Amino acid sequence: MIKLIFSRHLLSFVVFFCMQRLVAQEQILIEAESFKQKGGWVIDQQSFPVLHSSYLMAHGMGRPVADAKTTVKFPKKGTYRVWVRTKDWAPFPVGPGRFKLFVDGKPLQVTFGESGDSAWKWYNGGDIKVDRDSVELVLQDLTGFNGRVDAILFNKGSEAEPPNELAALDMLRNRLLGLAAGRKEMGNFDLVVVGGGVAGTCAALSAARLGLKVALIQDRPLLGGNNSSEVRVHLMGDLDKSYYPKLGRIVRELDNGDPGNGNPNAKEYGDARKFAIVKAEKNLSLFINTHVYQAETENNTIKAVIGRNIETNQETRFTGAYFADCTGDGTLGFLAGADFRMGRESRKETGESLAADEADDFTLGTSNLWASIPVDSATTFPETPWALPFSDEYHIDEVQSDWQWETGFGNFNTITEAEQIRDHNLRAFTEIGLT
């Protein structure tokens, strides 16, 4: 089943320091994910279809992460209004994701991420005076509890708030960053596989070994999807069936053992093993950190896909004879205009005794995988008034959870509300893990 994806032109940001356009505009737009030194901040791109951007997040498990730093060149000296695009992800009533922005060693007076407003929008950071050609920016996490930054805008000669409506925001990004200018042609392939989870990786390997020229495009820095160290779901398969002795042999080749779900040891999930196997194939070209956001079609046939790097914003175009949608959410099919439905079929449609009486939009949600481990020293925990409340009747009395807790189940849209689902699980995990 193909799930619904809301997507037009999915845009991220990057800093171009030597653009003549910036001189005329007297505006400088800095994408947080393009910071040269990210410190302990990490790139989050999973809500790209909704936000049209990646962002930086300070996932420190309650301990402030290391500063993110970059340098920005200013075409003109003078007074600039600073705008920061962020949100308060857990406004109950004020969330934990607080952070500061330093400009040349001086903090802005505003503390961001504690507004009590859950919407992504621009926040006024006040005016600064720029008297040098080059200025250092530093993002300082204050809590370690998932503060997040989308972009920073310096505006000279205007106090107007930047647009928050996506179409207008996309136009601002295109204008200031020159997004259409630098697209690269990556070549023509026999098969283009979009999505580098286990399914996509296996499909790409199999096709390459059959002699096809293959492109494997993955929107994260790692392969394996749920089976990577970023998510940590164990890899299993029904292998070597009697009538199909070769079934699942690539899965077995990728398998790094069975560490279970949510194992605290990231190395148990075999990230390096997957990379080594893929890179050993001479017919297979791997493109990581690339989010496919557009499909070019002709007579209901996909001719090309366009991706954008989630960190640098470099655009790339891939043409091919065949395309495989291994995104897990039917992203490529939706972008190509394929028919789709989201939810459950009715019992009448399927003839299944356990099917719903009526068709609905119910889907499975997102699992909360966590584990606790014993340590030899005393541990202190910060106050978490924004976490989900639990009681004796409503809790999980386990040292580890894999499928016991899942958020979604029809009350959230797993595409358009993926960020809210993840944040709900963060609030639940924080209460479980820190109390």
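Procedures and definitions
Residues numbered from 1 in each chain as written. Predicted model: local features only at pLDDT ≥ 70, side-chain atom pairs only at ≥ 80, totals over all residues. Heavy atoms only, no water. Helix = DSSP H or I, 4+ residues; strand = E, 2+ residues; numbered from the N terminus. Buried < 20%, exposed > 50% of the residue type's maximum accessible area, 1.4 Å probe, protein only. Contact = heavy atoms within 4.5 Å. Core = buried A, V, L, I, M, F, W, Y, C linked by side-chain atoms within 4.5 Å. Pairing = 2+ DSSP bridges. Axes fitted to C-alpha atoms, helices over the stretch in contact; angles between N-to-C directions. 1 Å grid on protein atoms, 1.4 Å probe; cavity = no way out; pocket = protein on both sides within 12 Å on 5 of 7 lines; lining within 4 Å. Points joined across faces, edges and corners; volume = space filled by probe spheres on them.

**Q** Where do I start with the overall build of the protein chain in this structure?
**A** Counting its regular elements, the protein chain contains 9 helices and 20 strands. Expressed as lengths along the three principal axes of its C-alpha atoms, the size of the protein chain is roughly 75 × 60 × 45 Å. Here the protein chain holds 435 residues, and the buried ones make up 49% of them. Long-range pairs, those at least 24 residues apart, make up 71% of the contacts in the protein chain with a sequence separation of at least 6.

**Q** Looking at this structure, how should I read the nonpolar core?
**A** Within soluble globular proteins, side chains that are nonpolar tend to cluster in buried spots. Counting residues in each nonpolar core, the largest one holds 31 residues, and the members touching the most others are Trp 41, Leu 101, Leu 137, Leu 139 and Phe 154. Taken together, the elements giving at least two residues each to this core come down to strand E1 (27-31), strand E3 (55-59), strand E4 (68-73), strand E5 (78-86), strand E6 (99-103), strand E8 (121-130), strand E9 (134-141) and strand E10 (145-155). In contact with Leu 139, other than residues within four places in its own chain, are Phe 35, Trp 41, Leu 56, Asp 67, Ala 68, Phe 99, Lys 100, Leu 101 and Val 149. Of all hydrophobic cores here, the second largest spans 21 residues; its members include Leu 222, Leu 235, Phe 275 and Leu 284.

**Q** Would you mind going over the sheet that holds strand E15 (residues 301-309) with me for this structure?
**A** The strands making up a sheet are joined through hydrogen bonds of the backbone, oriented either antiparallel or parallel. In spatial order, the strands read E13-E12-E11-E16-E15-E14; together these 6 strands make up an open sheet with mixed pairing. Taken across any chain shown, the strands that pair with only one partner, and hence form the sheet edges, are strand E13 (284-287) and strand E14 (290-298). For this sheet, the mean angle separating the axes of adjacent strands, direction not counted, is 40 degrees. Where strand E11 (residues 184-194) lies against strand E16 (residues 315-325), 8 bridges are found, and the strand directions are parallel. Within E16, the position partnered with Asn 188 by the bridge is Thr 319. Packed onto the sheet, helix H4 (residues 198-209) meets E11, strand E12 (214-217) and E13 and runs at close to 170 degrees relative to E12.

**Q** Help me understand empty space enclosed by the protein, please; the structure alone is not making it clear to me.
**A** Unoccupied space between atoms shows up once a probe the size of one water molecule is rolled over them. One pass over the structure, following the stated rule, counts 2 cavities of 30 Å³ or more. If you trace the largest cavity, you find 11 residues lining it, with Met 61, Gly 62, Phe 145, Phe 429 and Thr 430 closest to the centre. Contributions of two or more residues to the lining of the largest cavity are made by E10 and helix H9 (418-434). Top element by residues in the lining of the largest cavity is H9. It accounts for 4 residues.

**Q** How do you make sense of the pairing of E1 when you look at a structure like this?
**A** For a regular strand, side chains alternate in direction, first toward one face of the sheet and then toward the other. By the criterion of burial, E1 is predominantly enclosed, with 5 of the 5 residues buried. Every second residue of E1 is oriented toward a common face, with Gln 27, Leu 29 and Glu 31 on one face and Ile 28 and Ile 30 on the other, all of them buried. One ladder, built from 5 bridges, connects E1 with E10; its direction is antiparallel. Paired with Glu 31 across the bridge in E10 is Ala 151.

**Q** Even after reading the chapter, I still don't get the sheet that holds strand E7 (residues 106-107), so can you show me in this structure?
**A** Read from one edge to the other, the open sheet built from 4 strands follows the order E4-E9-E6-E7, with strand pairing classed as antiparallel. Strands at the two margins of the open sheet, each flanked by one partner only, are E4 and E7. Bridge count between E6 and E9: 5 bridges; the pairing is antiparallel. Looking at the pairing, Lys 100 lines up with Gln 140 of E9.

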